[in-house]
Amino acid sequence: MGSRSRSASLDAFLVLKRGAGDERQIPSNSPAGAVAVINRWLRQDPQASLSWLVNENLPEPIVMSGRLQGHLKIGLDQKRTHLFVCQPGEQVGPKLTSRCGLTFDWWALEFAEALDTPMGAPCEQCELLMMGPVPEHQKPALPSAQSEDDGWDGWLRYYTELDWPVIEHGGQLLLDAVTTSDVVVLTVPVDLARQVQDDLAEREMQAPLLYLPSMPDEALFVVSRTPVPVPMPPAVQRLGAAVPLPPSVVADHEGEFYLEWGVSPGDAVFGSSNDLRCRDIDVVAAIYKVHHQQQLEQRQQRAITS
């Protein structure tokens, strides 16, 4: 399915109740709202016959985000947010199968307050399978200041091997991460960035990493943009600016110097497919994994000291 939008004028769901001479229906735009209606009616009448339907008048399927409920004692992998595609007119549940192929009882899940709304650590396979074909795009004009250098300090390799949109401005080589839809720069606190790179390295998915003197407390991951909603964890941002790349000359309080990679595209470890671009969703998933491990360690430490 390529599109995940829907008509704003139509309610996504309809909840029906039949029982004891009482028939009611309530529309809802929210999967969480529909579940709240069902739970309220069940408390009032446990024997009622209830149906949760997708509006048959919707012009296209809808996508719900859901994950196992928080009170369940489950591991990190089981806590990931999955995506569920529902067709117009069909009943929701009692079993729901995610895009990645896992099946859940719908009442064991908690849902987002709105359609297409991220809820935390995403299931990467669900997100990947939601992507449509990658649209063709026209390469930018080759920068005028080409270099014969075969290293990653040259213009040509950024352009030809990574297909990055590089521009020349004021004598600097800049990555145009503002107008492009293919590349995104994520700013991550330095200490967290090191842990994230370690996790990515274990999965052979390290990302190019850059440090700028103007942002001493941040590390910059240069990654491929995923064409699906990716929630940004706390303290992590998409950088909406053109970013200088080596061998640009940058300045700090100590003077001017040539910019260098922390982890260059050539040094980063990538998968066997030789894809030179780690994705934003890979970095975000690693961040949530690091946060979860930290929480576990803190709980274990408190248990030891108590």
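So, here is what we can say about the structure in this document.

Observations regarding the packing of helix α4 (residues 190-202) against helix α5 (residues 280-305)
Here is step 1: Interaxial distance between α4 and α5 falls to 9 Å at its minimum, and their mutual angle equals 110°. Accordingly, the angle class assigned to the pair α4 and α5 is roughly perpendicular. Within the contact between the two elements, α4 uses Leu192, Gln195, Val196, Asp199 and Leu200 and α5 uses Asp282, Val283, Ala286, Ile287, Lys289, Val290, His291 and Gln294.

Description of the nonpolar core
Here is step 1: Ranked by internal contacts, the top residues of the largest apolar core, which has 23 residues, are Phe13, Trp52, Ile62, Met64, Val92, Leu96 and Phe111.
Here is step 2: For this core, the secondary structure elements donating two or more residues are β1 (13-19), α1 (31-44), β3 (49-54), β4 (62-68), β5 (82-86) and β8 (109-111).
Here is step 3: When residues of this core are assigned to their parent elements, the largest contribution, five residues, is made by α1.
Here is step 4: If you look at the next biggest cluster of nonpolar residues, it comprises 19 residues, including Val184, Cys278, Val283 and Ala286.

Quick notes on the packing of aromatic side chains
Here is step 1: In total, this model carries five aromatic pairs according to the counting rule given.
Here is step 2: Aromatic side chains Trp52 and Trp106 sit 5.4 Å apart centroid to centroid with 80° between the ring planes, which places their arrangement in the edge-to-face category. With Trp52 in strand β3 and Trp106 in the loop between β7 (103-105) and β8, this residue pair connects regions lying 54 residues apart in the sequence.
Here is step 3: Here the aromatic cluster, defined as three or more aromatic residues joined through ring pairs, consists of Phe13, Trp52, Trp106, Trp107 and Phe111.

Details of the sheet that holds β5
Here is step 1: With antiparallel pairing, three strands are arranged side by side in an open sheet as β5-β4-β8. If you trace the sheet from one side to the other, it starts and ends with β5 and β8, each paired once. When strand polarity is set aside, the average angle formed by the axes of neighbouring strands in this sheet is 45°.
Here is step 2: Bridging between β4 and β8 involves three bridges; their strand directions are antiparallel. From the neighbouring strand, Arg67 faces β8, where its bridge partner is Glu110.

Parameters and conventions
Residues numbered from 1 in each chain as written. Predicted model: local features only at pLDDT ≥ 70, side-chain atom pairs only at ≥ 80, totals over all residues. Heavy atoms only, no water. Axes fitted to C-alpha atoms, helices over the stretch in contact; angles between N-to-C directions. Helix = DSSP H or I, 4+ residues; strand = E, 2+ residues; numbered from the N terminus. Parallel < 35°, antiparallel > 145°, perpendicular 65-115°, else oblique. Contact = heavy atoms within 4.5 Å. Core = buried A, V, L, I, M, F, W, Y, C linked by side-chain atoms within 4.5 Å. Buried < 20%, exposed > 50% of the residue type's maximum accessible area, 1.4 Å probe, protein only. Phe/Tyr/Trp six-rings, centres within 6.5 Å; stacked < 30°, edge-to-face > 60°. Pairing = 2+ DSSP bridges.

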